[in-house]
Amino acid sequence: MFNYNFRWAQAMASLPRMLEGALVTLEVALLSMVIGISIAIVLTLFRLSGSRILSAVAATWVEIARNTPALFQIYMVHFGLGGFGIHLSPYLSLLIGIAFNNAGYLSENFRGALKGIPETQTRSARSLGMTPIAAFRYVVMPQMLRISFLPMTNQMVWAILMTSLGTVVAMNTDLYGVTSDLNARTFRTFELFAIAAMIFYLITKTVTLSARLLAARLFRY
Amino acid sequence: MKIKHVVPGLVLAAALAGPAFADKLDDIISSGTLRCAVVLDFPPMGSRDESNNPVGFDVDYCNDLAAALGVEAEIVETTFPERIPALMSGRVDVAVASTSDTLERAKTVGFSIPYYAFENAVVANEGVEMTDWEGMRGKTVGATAGTYEAIWLEEKVTEWGEGEFRPYQNQADVFLALSQGQLDATVSTVEVAQANVASGNFPGIKIVDKAPMVPDYVALITLREEYGLINYMNLFINQQVRTGRYAELYAKWVGEGEPADLTVQGVYR
């Protein structure tokens with residue numbers, strides 16, 4: 001290929017550092033999903049609440065999260081808040097940025113899932129004497145999470161890939177950050193990024209496959 | 001096969017084989033264009049003027065090289081990390097991009113002799129107590145990812161075992177973070193530090209000290225095996241100094257004073 005001699009042995013020597021980076025990537029992605037799902041449920045409740053203000057808050061969040069680049073969102077968490085004297089570390093900036101994005105997308109997934117759950121279920125639950133919150137908590141939400149389980153794994157994959165945007169906020173411990181640092185030192189661009197791509201692929205593939213297995217066990221009728 | 005059939009065959013083969021030996025230098029001259037990778041958020045070496053045209057020391061240097069070769073210059077903007085992929089994939093012929101000539105990198109790309117040398121300065125946020133470079137110990141410091149000073153600073157932080165190092169993607173982000181107080185200090189070339197302090201774009205920063213490192217010699221780079229071109233670039237750099245063009249460009253882009261000495265006492269190239 002184009003005047004480039006691959007020196008895999010040299011690049012492979014960096015594999016341990018890259019695998020450590022992969023762990024950080026996975027950690028950020030997992031945490032961002034936990035936070036993202038929690039916020040998305042709250043946003044969904046805001047929309048169901050009937051309150052204009054709460055619905056507007058949820059709608060604004062979803063609009064911004066879904067219609068601006070994730071890169072911009074992460075950058076704004078770091079430098080935008082930084083302008084107001086709120087200084088977040090690269091790790092937190094990246095985590096919050098991705099969680100913000102996750103919450104927006106997941107909330108839309110949940111809304112779609114809710115449409116698939118007949119209104120009669122809530123009414124039946126209410127007629128059994130459940131409070132509106134109990135009806136949501138015990139009847140609607142489990143089904144909502146079940147319907148949106150596979151879209152959630154998509155979002156998880158997306159979150160893993162989004163960690164690579166951390167370099168704009170000086171994140172250098174995740175997989176992509178470690179790789180670009182190694183690249184600056186050695187200029188072995190193609191080997192290093194090929195290895196990084198392979199690790200990303202293996203992580204996301206593992207996540208989707210285990211999600212599918214999990215879904216098969218959890219959602220047997 | 002008779003000998004009279006072989007001879008014309010050999011002549012034809014030689015004629016056809018000729019162009020196959022054309023190297024990068026030939027390619028540039030015959031294509032009529034020299035494509036240079038230049039980093040354009042690195043004033044005064046590379047930046048954009050009000051009408052968005054690339055300007056700076058490196059831009060002029062590329063234009064001079066193209067003029068010497070008798071071809072048109074084409075400036076291709078890259079970031080620091082993108083220089084090598086641009087070179088390897090054939091998007092550019094050379095990089096005139098303030099590339100530090102480390103031995104590690106020379107395993108991959110071909111360096112010319114140095115065409116410029118930077119000294120580095122420690123720049124701090126005004127709110128931080130710091131009198132010399134060692135004041136950076138234990139602080140949150142950062143620099144532009146992939147640069148010589150970033151590699152130096154990261155190693156210092158590791159050596160100190162305290163504080164935090166953050167590599168931002170470009171010079172502007174480093175100074176934005178410094179100005180906001182997200183970074184306590186940075187190390188950048190004296191040229192960049194002075195330009196950024198003087199510009200007023202980044203309030204609340206001050207130059208503290210010189211960074212105690214070996215001058216950062218930067219060289220032109222091309223593919224490692226392009227000896228013809230490297231040889232040409234070496235002579236070109238020599239001529240730039242000899243003819244006074246180097247001093248002229250220094251005065252134009254950097255300012256008063258002597259341009260950095262590009263020779264090292266006591267050793268051959």
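Residues numbered from 1 in each chain as written. Chains lettered and ligands numbered in written order. Predicted model: local features only at pLDDT ≥ 70, side-chain atom pairs only at ≥ 80, totals over all residues.

1. Concerning the overall build of chain A
The cut-off we apply is this: Strands are runs of DSSP state E lasting at least two residues, helices are runs of H or I lasting at least four, and both sets are numbered from the N terminus onward. Three classes are used. A residue is buried when 20 or more other C-beta atoms lie within 10 Å of its own, exposed when 12 or fewer do, and partly exposed in between, with C-beta atoms placed from the backbone.
Helices and strands together make up the secondary structure of chain A, namely ten helices and zero strands. Moving toward the C terminus, one meets the helices and strands of chain A in the order α-α-α-α-α-α-α-α-α-α. Principal axes of the C-alpha set define a box for chain A whose edges measure 70 × 50 × 25 Å. For chain A, with 221 residues in total, the buried portion stands at 40%.

2. Topic: the interface of chain B and chain A
To keep it simple, the criterion reads: Contact between residues is assigned whenever the C-beta positions, reconstructed from backbone atoms, fall within 7 Å.
On the chain A side, the residues contacting the 24 residues of chain B number 21 residues. Listed by contribution, the elements that provide at least two residues to the side of chain B that touches chain A are α4 (83–88), α5 (103–106), β9 (164–168) and α7 (171–180) of chain B.

3. Brief notes about the UniProt feature "transmembrane region" (unreviewed entry) in chain A
Residue and element names in this part refer to chain A. The condition is simple: UniProt positions are given in the numbering used here, feature names are shortened, and annotations may be inferred rather than shown by experiment.
UniProt annotation of "transmembrane region" (unreviewed entry) refers to residues 22–46, 156–173 and 193–215 when read in the numbering used here. As annotated, residues 22–46 has a helix share of 100% and a strand share of 0%, and its two end C-alpha atoms lie 35 Å apart. The span residues 156–173 is 39% helix and 0% strand, and its two end C-alpha atoms sit 19 Å from each other.

4. A closer look at the nonpolar core
Keep this limit in mind: Note on terminology: a nonpolar core is a set of buried residues of type Ala, Val, Leu, Ile, Met, Phe, Trp, Tyr or Cys, with members joined through C-beta atoms within 7 Å. The domain limits used here are those given by an automatic or database domain assignment.
Counting 113 residues, the largest nonpolar core has C36(B), V38(B), C62(B), L87(B), A95(B), V96(B) and V122(B) as its most contacted members. Considering each element in turn, this core owes the most residues, eleven residues, to helix α5 (residues 90–115) of chain A. Three or more residues apiece are contributed to this core by two domains, here domain 1 (21–118 + 216–253) and domain 2 (120–210) of chain B. In contact with A95(B), other than residues within four places in its own chain, are C36(B), A37(B), R83(B), L87(B), L220(B) and I221(B).

5. Looking at the environment of R166(B)
Looking at the element boundaries, R166(B) is found in strand β9. Expressed as a C-alpha distance, the spacing of R166(B) and Y61(B), which sit 105 residues apart in the sequence, is 31 Å. Ignoring any residue separated from it by four or fewer positions in sequence, one finds R166(B) in contact with P90(A), A170(A), T140(B), G142(B) and L183(B).

6. Thoughts on the packing of helix α2 (residues 15–48) of chain A against α5(A)
All names here are of chain A. We apply this condition: In this analysis an axis means a line fitted to C-alpha atoms, helices contributing only their contacting stretch, and an angle means the value between N-to-C directions, from 0 to 180 degrees. Should an angle fall under 35 degrees it is taken as roughly parallel, and over 145 as roughly antiparallel, whereas 65 to 115 is taken as roughly perpendicular and any remaining angle as oblique. Crossing chirality is assigned from the near helix's rotation relative to the far helix, an anticlockwise turn below a right angle marking it left-handed and a clockwise turn marking it right-handed.
Orientation of α2 relative to α5, taken along the N-to-C sense of each, is 45°, at an axis distance of 7 Å. Here α5 runs oblique to α2, going by the angle between their axes. Remark: the crossing between α2 and α5 carries right-handed chirality.

7. Points about the domain arrangement of chain B
For an interface, size is often stated in terms of accessible area lost upon the parts coming together. Residues and elements named next belong to chain B. This is how the line gets drawn: Residue type decides the class: Asp, Glu, Lys and Arg count as charged, Ala, Val, Leu, Ile, Met, Phe, Trp, Tyr, Cys and Pro as nonpolar, and the leftover types, Gly among them, as polar.
One can read the domain layout of chain B as domain 1 (21–118 + 216–253) and domain 2 (120–210). The C-alpha-based centres of domain 1 and domain 2 are spaced at 27 Å. Listed by partner, the interface residues are ten residues for domain 1 and 16 residues for domain 2. Here the side of domain 1 that touches domain 2 is built from residues that sort into six nonpolar, two polar and two charged.

8. Some thoughts on the sheet that holds strand β6 (residues 109–118) of chain B
Residue and element names in this part refer to chain B. The test is simple: The pairing criterion is simple: DSSP has to find at least two bridges between the two strands.
Ordered by their spatial adjacency, five strands build an open sheet running β4-β1-β5-β12-β6, and the pairing between neighbours is mixed. Two strands in the sheet have a free side with no partner beyond their single neighbour: β4 (72–77) and β6. On average, each strand axis in the sheet is inclined to that of its neighbour by 30°, with strand direction left out of account. One ladder, built from six bridges, connects strand β1 (residues 33–38) with β4; its direction is parallel. Its bridge partner lying in β4, V38 is registered against E77. Across the face of the sheet, helix α3 (residues 57–69) comes into contact with β1, β4, β5 (94–100) and β6 while running at roughly 160° to β1.

9. Some points on unusual backbone geometry
That bond from P43(B) to P44(B) is cis: its omega, 0°, falls within 30 degrees of zero. As for its placement among the helices and strands, P44(B) is situated in the loop between β1 and β2 (47–48). Of note, A170(A) is a non-glycine position whose phi angle comes to about 65°, a positive value. Considering the arrangement of structural elements, one finds A170(A) in the loop between α8 (149–162) and α9 (175–186). Unusually for a residue other than glycine, S98(B) sits at a positive phi of about 50°. Within the secondary structure, S98(B) sits in strand β5.

10. What to know about the UniProt feature "domain: ABC transmembrane type-1" (unreviewed entry) in chain A
The UniProt feature table records "domain: ABC transmembrane type-1" (unreviewed entry) at residues 22–211 of chain A. Measuring from the first to the last C-alpha atom of residues 22–211 of chain A gives 19 Å, for a span that is 82% helix and 0% strand.

11. Things to note about the packing of helix α3 (residues 52–67) of chain A against α5(A)
Residues and elements named next belong to chain A. The contact between α3 and α5 brings their axes to 8 Å, and the two run at 115°. One finds that α3 runs roughly perpendicular with respect to α5. In this structure, α3 meets α5 at a crossing whose hand is left-handed. Counted together, A58, W61, V62, A65 and R66 of α3 and F100, N101, A103, G104, Y105, S107 and E108 of α5 form the full contact between these two elements.

12. Some remarks on the sheet that holds β9(B)
All names here are of chain B. Strand order in the open sheet formed by five strands is β9-β8-β10-β7-β11, with mixed pairing between adjacent strands. Only two strands of the sheet have a single partner each, and these edge strands are β9 and β11 (205–210). For this sheet the average axis-to-axis angle between neighbouring strands, irrespective of direction, equals 30°. Note: strand β7 (residues 120–125) against β11, five bridges, orientation antiparallel. Within β11, the position partnered with A121 by the bridge is K210. Contacts from α7 reach β7, β8 (140–144), β9, β10 (185–189) and β11, with the element oriented near 160° to β8.

13. Looking at the pairing of β5(B)
All names here are of chain B. β5 sits mainly inside the fold: six of its seven residues count as buried. With three bridges connecting them, β5 and strand β12 (residues 216–223) associate as antiparallel partners. Looking at the pairing, S100 lines up with V218 of β12.

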